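# Inside the fold
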Amino acid sequence: MPITPTPPPCPLRHADLPRRIGFDPAVLAPALEAGVGPDVLLEISTADRPVVVRSADQGSFTTLVMPTALPGSDRPSLDTTSS
């Protein structure tokens, strides 16, 4: 059985970023699939602001994806359809 190396952890540029952030797969997947190449950059400012998704191979490709509240989080829901 071959041993697969553990990928290195992703470096964080700011320690105050949220450690967990949620996305709707129906929104995030198309943004990732539309990029060029296998690598993407996620520019996260806060858990309640849009995340910039950039293709690492072609930096001119940019899209925005809105995070969603995680179950059990203290963040208010962004759902505006409920009454």
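Above this note sits the structure.
Residues numbered from 1 in each chain as written. Predicted model: local features only at pLDDT ≥ 70, side-chain atom pairs only at ≥ 80, totals over all residues. Heavy atoms only, no water.

The next subject is the overall build of the protein. Across its full length, the protein holds one helix and three strands. When the elements of the protein are put in sequence order from the N terminus, they spell out α-β-β-β. Classification of the 83 residues of the protein by burial places 17% in the buried group. Long-range contacts, defined here as pairs at least 24 residues apart, represent 34% of the contacts in the protein between residues at least 6 apart. (Helix = DSSP H or I, 4+ residues; strand = E, 2+ residues; numbered from the N terminus. Buried < 20%, exposed > 50% of the residue type's maximum accessible area, 1.4 Å probe, protein only. Contact = heavy atoms within 4.5 Å.)

Counting residues in each nonpolar core, the largest one holds six residues, listed as F23, L28, A31, V51, V53 and V65. Listed by contribution, the elements that provide at least two residues to this core are α1 (25–33) and β2 (51–55). (Core = buried A, V, L, I, M, F, W, Y, C linked by side-chain atoms within 4.5 Å.)

As enumerated under the stated definition, the model contains one salt bridge in all. Among the ionic pairs, R54 bridges to E43, the shortest N-O distance being 2.6 Å. Residue R54 is found in strand β2, and its partner E43 is found in strand β1 (residues 40–43); the two are separated by eleven residues along the sequence. (Salt bridge = Lys/Arg side-chain N within 4 Å of Asp/Glu carboxyl O.)

The pairing of β2 with strand β3 (residues 62–65) spans four bridges and is antiparallel. Paired with V51 across the two strands is V65, which belongs to β3. With antiparallel pairing between neighbouring strands as the criterion, β2 and β3 make up a hairpin whose turn holds six residues. (Pairing = 2+ DSSP bridges.)

Next up on the list: the sheet that holds β1. The strand order across the open sheet formed by three strands is β1-β2-β3, and the pairing between neighbours is antiparallel. Looking at which strands have only one partner, the edges of the open sheet turn out to be β1 and β3. Going across the sheet, the axis of each strand differs from the next one's by a mean of 25 degrees, ignoring polarity. (Axes fitted to C-alpha atoms, helices over the stretch in contact; angles between N-to-C directions.)

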